[in-house]
Amino acid sequence: MRSTFLRILRHRFVAVPLLIVVAVLGWNAYVVTHNDGIVRGVVLGPDGRPLAGATVTMMEQNFTTNSDRGKTMTRADGAFEFTDNRSHNIQLRAEKPGVGRSGLVVVRLYFRAQDVTLREPLRVTKPAG
Amino acid sequence: MIKKRTRRTWTHASLHLAMLAVSFCMLLPFYWVLKTSLTGENIFVYPPSIVPVHPHLFYYIDVWYYIPFPRYLLNSVVVSVLSIAANVVFNALAAYALTRHFRGRGAVITVLLSCMMIPFQTTIVPAYLITAKLGLLDSYLGLALPTFSTIVCIFVYKASFEAVPRSLIDAARIDGLSELQIIRRIMLPLSTSAVATNIVLSFIWSWNNFLWPLIVVRDPLMQTLPLGLSRFLSYHENTTGALYAFCIMVLAPGILLFLMAQKEFIRGLTSGATKG
Amino acid sequence: MATAVDFPAASEATSGAVGKRARHARPGVRRRREMLLVWVFLLPSLAVFFLYRILPLVWNAVLSAQQFSLFAPSQWIGLDHYREMVDDPVFWTSLRNTLLFMASAPVGILLALAISLIVNAGIRGRDVYRTIVFLSYPLMTVAVGIIWRWMYDEKVGLFNYVLRSLHLIDTPLPFLQSFELALPSVLIANVWQILGFYMIILLAGLQGIPQNLYEAASIDGASPRQQFFRITLPLLRPSLFLAFVIGIMTSFTSFDLVYVMTQGGPSHQSELLITYIYKAAFELSRIDYAAALTIVQFALLVTLTWAGNRLAGGDAGAVESGA
């Protein structure tokens, strides 16, 4: 009895779909536990030191359009955090009046609202000229 | 003696070389599209590089979210499941009927064989009118209905059923089994290869079907994968690698099924081609 | 379930109404009930074929002689649509293209024949080769069209890149937009996809040829070349004919590839009959004209298949009854 069950299980028409189902369920479990929409990062000033009080703007990217999704300020240690990201493709820009602005940083995620901590800091530089 | 063996080795080597060249030509398109879907750099950059540079999976994520890919997938799956289920039932019933001798059997077989000569493409205009009259436009049933039965598979079943020993059937009748039960309990279990062939063939045909959904479906929500792919192409053309990720995602089930069920596939194509 | 061992009797013994259901019925009634059941079983399939094969064929013929309108009753106009067709340059272009498409089938079949012979020759790894060649056939043609369209791209396509790297051309070739190259480009993509199908058919035919024929010929001193032309080819005739019929059918049904790759352009240079029928019916809303086109296409298909059958020497379904 048990051996026939195992034999059926190993047949390719059963094993492959089963593997796929297990993989899908496993992935969904991971997604559900990691999709709070938290985006964390650090902003550095032109001198390479953490920049406090900079405004970081988050924009959502589509195939054709860009839309603002929120703004936040960096804390004393230059760190910032968004908690309501619902997209999988966002762009961030940091700027502080009088100091400069950073380039547009594109962040692509594996699923919507994936929690992410940026590895590279946003670097604010003085505008040219 | 040795000369003959070296000659054979040389011949084999040159045959292998030829087949390697052929394989390269057959596999090149797959590689190229896979590469483009992973990097997208050769959309905007010329000359393209042969090996993927900075590959990433984000185009696939784009396809999943920006296009209603899950919806298209669902539609394709529902239509295919409908088609497969109906195919197995209708074809098996018809094939069983054809194994019996009755008046008009020859005529029915002739009709079926001549229907094989009428390709689907010859019927699109009236089929559209019929579907519209039945009120089945933009519906799963309307999409699947023309594919509910295939003549090729009927003959595959028929050959398989005719191979079942007569004594088994007679014994079953003595036991009081009805005809339906005979099909379900005796014929089908002994014809698993025919059933597998039917499933594989009808899945591939309904999954890949493009012209019929194009005609019958206007509602964007009811589109199947081929339609969605074509629409994406016409909107975005070559501006994004997501198109090619879409292609790969669409081809993957077909390739997977083919690799798993090659034997059934080939059997279905050859036996159908030789008119059962 | 009773086993066959216990009841070796022929059907006469059981027709004596031994079964539970038929216990009290006379043979005549049972026969009629059986007949009824047979037709009931046939009904679903026959209904589908009637509704979506036979009825459309007839309706096409009817429509082609009418002026169809959704808002008013249709009027009979006889052969007007056919007269219009004769003067329609797009019709003649698409007919020419369809015939060209058909003419490319032998190229694919020859290639497939070469590949089948190699695969059948018993080299190692032939199952892998067979899988690789056949892989392209079960794929979604729309996706295949997009892949090839990408490779043919004028600015960044693979083919232009290779040709320019090899310095065979100086400026990129607009494969799918050029008058001369559009149809051949589509044809190449089609051959790529259908090669596997041809190969499978020819392999089945090759494997049906008994080995002892070759052995006997070797003993008689026949060279491999003679063996090929005297044994292989004649016995392969049904398979070759079948492949050719498939090739003909493909030229009438390759809607997906043309639609995705060129949309029939430029200027109808890659328009096939089937794409023109689709456009006439669903883009130009001329259902009656499209029906007339369909009738012509069907007549052409039947004629060609019948002629091919005659040329192949009669019964093409003789693969199983071969040598």
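What counts, and where the lines are drawn
Residues numbered from 1 in each chain as written. Chains lettered and ligands numbered in written order. Predicted model: local features only at pLDDT ≥ 70, side-chain atom pairs only at ≥ 80, totals over all residues. Helix = DSSP H or I, 4+ residues; strand = E, 2+ residues; numbered from the N terminus. Rg over C-alpha atoms; globule rule 2.2 N^0.38 Å. Contact = placed C-beta atoms within 7 Å. Domains from an automatic or database assignment. Nonpolar A, V, L, I, M, F, W, Y, C, P; charged D, E, K, R; others polar. Buried ≥ 20, exposed ≤ 12 C-beta atoms within 10 Å, placed from the backbone. Pairing = 2+ DSSP bridges. Core = buried A, V, L, I, M, F, W, Y, C linked by C-beta atoms within 7 Å. Axes fitted to C-alpha atoms, helices over the stretch in contact; angles between N-to-C directions. Parallel < 35°, antiparallel > 145°, perpendicular 65-115°, else oblique. Left-handed = near helix turned anticlockwise from the far one by under 90°. pLDDT = per-residue confidence, 0-100.

1. Here's the deal with the overall build of chain B
Right, so step 1: Regarding its fold elements, chain B presents 15 helices and zero strands.
Right, so step 2: Taken over the C-alpha trace, chain B has a radius of gyration of 24 Å; the compact-globule value for 276 residues is 19 Å, which it surpasses by more than 25%.
Right, so step 3: Along the first, second and third principal axes, the C-alpha atoms of chain B reach 75 × 75 × 35 Å.
Right, so step 4: Counted over contacts in chain B with a minimum sequence separation of 6, partners at least 24 positions apart contribute 75%.

2. Observations concerning the domain arrangement of chain C
Residue and element names in this part refer to chain C.
Right, so step 1: According to the domain assignment, chain C consists of domain 1 (27–64) and domain 2 (81–311).
Right, so step 2: The distance between the C-alpha centroids of domain 1 and domain 2 comes to 34 Å.
Right, so step 3: With four residues of domain 1 at the contact, the number on the domain 2 side is seven residues.
Right, so step 4: Partitioned by chemical class, the residues of the side of domain 1 that touches domain 2 number two nonpolar, two polar and no charged.

3. Regarding the arrangement of the chains
Right, so step 1: Across the two pairs of chains that are in contact, the largest number of contacts falls between chains B and C.
Right, so step 2: Between chain A and chain C there is no contact, and the shortest C-alpha to C-alpha distance separating them is 17 Å.

4. Describing the environment of B:Leu190
Residue and element names in this part refer to chain B.
Right, so step 1: Structurally, Leu190 is set in helix α10 (residues 179–190).
Right, so step 2: Judged by the 15 C-beta atoms lying within 10 Å of it, Leu190 is partly exposed.
Right, so step 3: Taking the C-alpha atoms as reference points, Leu190 and Gly142, 48 residues apart in sequence, are found 33 Å from one another.

5. Side note on the pairing of strand β3 (residues 66–73) of chain A
Residue and element names in this part refer to chain A.
Right, so step 1: Counting buried positions over the eight residues of β3 gives zero, only a small fraction of the element.
Right, so step 2: Inspection of the sheet shows strand β2 (residues 55–61) paired to β3 by seven bridges, in the antiparallel sense. What sits directly across from Glu60, in β3, is Ser67.

6. Notes on the interface of chain A and chain B
Right, so step 1: On the side of chain B, seven residues touch chain A, which itself brings nine residues to the contact.
Right, so step 2: Its residues assigned to classes, the side of chain A that touches chain B comprises four nonpolar, two polar and three charged.

7. Side note on unusual backbone geometry
Residues and elements named next belong to chain C.
Right, so step 1: Residues other than glycine seldom take positive phi values, yet His167 does so here, at roughly 60 degrees.
Right, so step 2: Relative to the helices and strands, His167 resides in the loop between α8 (158–165) and α9 (182–207).
Right, so step 3: Its identity is not glycine, yet Gln263 carries a phi of approximately 60 degrees, on the positive side.
Right, so step 4: Tracing the sequence through the fold places Gln263 in the loop between α12 (255–261) and α13 (273–283).

8. Some thoughts on the nonpolar core
Right, so step 1: Counting 159 residues, the largest nonpolar core has B:Phe246, B:Cys247, C:Ala143, C:Tyr198 and C:Met199 as its most contacted members.
Right, so step 2: With 15 residues, the single largest contributor to this core is α9(C).
Right, so step 3: If we skip the residues at most four places from it in the chain, B:Phe246 touches B:Val63, B:Ile67, B:Leu229 and B:Phe232.
Right, so step 4: If you look at the next biggest cluster of nonpolar residues, it comprises 14 residues, including A:Val39, A:Val42, A:Ala54 and A:Ile90.

9. Thoughts on the domain arrangement of chain B
Residues and elements named next belong to chain B.
Right, so step 1: Structurally, chain B comprises domain 1 (2–44) and domain 2 (60–273).
Right, so step 2: Its C-alpha centre places domain 1 at a distance of 33 Å from the equivalent point of domain 2.
Right, so step 3: Counting residues at the interface gives six residues for domain 1, matched by seven residues for domain 2.
Right, so step 4: Sorting elements by how many residues they give to the side of domain 1 that touches domain 2 places helix α1 (residues 2–39) first, with four residues.

10. Here we look at helix α7 (residues 141–151) of chain C
Right, so step 1: By the criterion of burial, α7(C) is predominantly enclosed, with 11 of the 11 residues buried.
Right, so step 2: When α7(C) is considered as a whole, its buried residues turn out to be C:Thr141, C:Val142, C:Ala143, C:Val144, C:Gly145, C:Ile146, C:Ile147, C:Trp148, C:Arg149, C:Trp150 and C:Met151.

11. Some words on the interface of chain B and chain C
Right, so step 1: With 81 residues of chain B in contact, the opposing surface of chain C contributes 83 residues.
Right, so step 2: Sort the elements by how many residues they give to the side of chain B that touches chain C and α1(B) lands first, with 13 residues.
Right, so step 3: Here the residues of the side of chain B that touches chain C are counted per class, giving 55 nonpolar, 20 polar and six charged.

12. Focus: the packing of helix α4 (residues 69–99) of chain B against helix α8 (residues 151–162) of chain B
Packed helix pairs are characterised by how far apart their axes lie and by the angle those axes make with each other.
All names here are of chain B.
Right, so step 1: Where α4 meets α8, the closest approach of the two axes is 8 Å, and the angle between their N-to-C directions is 55 degrees. Classified by the interaxial angle, the pair formed by α4 and α8 is oblique. Handedness of the α4/α8 crossing: right-handed. Every residue of α8 that contacts α4 at Asn87, Asn91, Ala92, Ala94, Ala95, Tyr96, Leu98 and Thr99 is listed here: Cys153, Ile154, Tyr157, Lys158, Phe161 and Glu162.

13. Side note on the confidence of the model for chain C
Residue and element names in this part refer to chain C.
Right, so step 1: Averaged over all residues, the pLDDT of chain C is 83; the fraction at 70 or higher stands at 88%.
Right, so step 2: Residue range residues 1–20 is modelled with pLDDT below 50. Its contacts to residues more than four positions away, or to other chains, number 31 contacts.
Right, so step 3: Segment residues 315–323 is flagged for pLDDT under 50; beyond a separation of four residues in sequence, or across chains, it makes 20 contacts in the model.
Right, so step 4: Overall fold confidence for the complex sits at a pTM of 0.85, while the interface term, ipTM, reaches 0.88.

14. Quick look at the environment of B:Asp62
Right, so step 1: Tracing the backbone shows B:Asp62 in helix α3 (residues 58–66).
Right, so step 2: For the pair B:Asp62 and B:Met26, spaced 36 residues apart in the sequence, the C-alpha separation amounts to 28 Å.

15. Looking at helix α10 (residues 211–219) of chain C
Right, so step 1: Among the nine residues that make up α10(C), zero are buried, leaving the element largely open to the surroundings.
Right, so step 2: Directly beyond the C-terminal end of α10(C), a positive phi value near 90 degrees is found at C:Gly221.

16. A closer look at the environment of C:Leu183
Residue and element names in this part refer to chain C.
Right, so step 1: With respect to the helices and strands, the residue Leu183 is situated in helix α9.
Right, so step 2: Take Leu183: there are 22 C-beta atoms within 10 Å of it, and that puts it in the buried class.
Right, so step 3: The sequence separation of Leu183 and Leu100 amounts to 83 residues, and the corresponding C-alpha distance is 8.7 Å.
Right, so step 4: When near neighbours in sequence (up to four residues on either side) are disregarded, Leu183 contacts Asn97, Leu100, Gln269 and Ser270.

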